[in-house]
Amino acid sequence: YLKASDKAGNEATSQTYKINIAAQAGPIAISVSITPSNPTTDDHVTFTIDVMSDSYILTVQLEVDGEVVKVWTEGPSLVKSKTYTFVGGPYNVGKHSYKAYVMDMMGHIEDSGTNYFEVAGPSTIVPLNWIILACIVAAIIIAITLTKIRKRKAAVANMKAKTP
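I will try to describe carefully the structure that is included in this document. Not measured: the values here are computed from a predicted model. Numbers given to residues run from 1 along each chain, matching the order in which its sequence is written. The predicted nature of this model means local features are confined to residues of pLDDT at least 70 and side-chain atom pairs, given and counted, to a pLDDT of 80 or more, with totals for whole chains, interfaces and linings taken over all residues. As a rule here, side-chain values cover all heavy atoms of the structure and leave hydrogens and water aside.

1. Thoughts on the overall build of the chain
Right, so step 1: In this description a helix means any DSSP run of H or I spanning at least four residues, a strand means any run of E spanning at least two, and both kinds are numbered starting from the N terminus. A tally of regular secondary structure across the chain gives one helix and 10 strands.
Right, so step 2: Its C-alpha atoms give the chain a radius of gyration of 37 Å, more than 25% over the compact-globule value 15 Å for 164 residues.
Right, so step 3: Should any heavy atoms of two residues lie within 4.5 Å, those residues are considered in contact. Restricting the contact set of the chain to residue pairs at least 6 apart, pairs at least 24 apart contribute 57%.
Right, so step 4: Here, Shrake-Rupley sampling with a 1.4 Å probe gives the accessible areas, and only protein chains in the shown set may cover a residue. As presented, the chain carries roughly 11900 Å² of accessible surface, and 58% of it is formed by carbon and sulfur atoms.
Right, so step 5: Of the charged side chains in the chain, 15 are positive and 14 negative; the average position of the first set lies 29 Å away from that of the second. Atoms counted for the radius of gyration: C-alpha only. Globule rule: 2.2 Å times the number of residues to the power 0.38. Counting rule for charge: Lys and Arg are taken as positive, Asp and Glu as negative, and neither His nor the chain ends is counted. The location of each charge is read from NZ of Lys, CZ of Arg, CG of Asp or CD of Glu.

2. Some thoughts on the nonpolar core
Right, so step 1: With 22 residues, the main nonpolar core has Phe47, Ile49, Val51, Val60 and Phe117 as its most contacted residues.
Right, so step 2: Listed by contribution, the elements that provide at least two residues to this core are strand 3 (28–35), strand 4 (45–53), strand 5 (57–64), strand 7 (81–88), strand 8 (94–104) and strand 10 (115–119).
Right, so step 3: Other than its neighbours up to four places away in sequence, Ile49 contacts Ile30, Ser31, Val32, Val60, Leu62, Trp72, Lys82, Thr83, Tyr84 and Ala100. Put simply, a nonpolar core is a bunch of buried Ala, Val, Leu, Ile, Met, Phe, Trp, Tyr and Cys residues held in one set by side-chain atoms that sit within 4.5 Å of each other. Residue exposure (1.4 Å probe, protein chains only): buried if accessible area is under 20% of the type maximum, exposed if over 50%, otherwise partly exposed.

Take a look at the structure:
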C-alpha cells in the first residue's frame, strides 16, 4: 500500500496490493568424470565433479552404485562454481554406476544423470623394469651355459687328443 500526507495534516492510504515474487533458479551445469577411465581391481577411482550454477551452491552429493559416498555442504561462503573430488575404491570386477546431485540456495535440485564405468581384473601388464631384469638373468644363464658347453667340448677334444 501507499500512504501519503501533506503539511496540513491530510492523509490518504491506497488500497493494499499483494505481490508474490517467485524465486527463479537458473540452470545448474554438472559434469562428472572419473580417473582412470578404465580402472582395474587394483585402482582407486577419482571422481571429479564440476558444478556451475546461476544461484549459490548449497550441497553436492555423490552416489556410487546407488549409495551416497560423499556430501559436500557449502558453509557461509557463497559459491556459484566449484570442483569437488572424491577418491573411492578399489572396486570389484563389473559395471558400476555413479551420479551427482546439486542443490542450490533456491532449493533447485539437478543431477548429472547416471553414468557407468567398468572395472576389469588386476592388470596383467608386467612393468618394464621386471622385463629388463628377466632379460639380464636370461642372458647370464645363457652365457654360463655356453661357457660350460665350450669347456665340455674342450675337455672331450683333449681326451680324444690324448687317446692313441
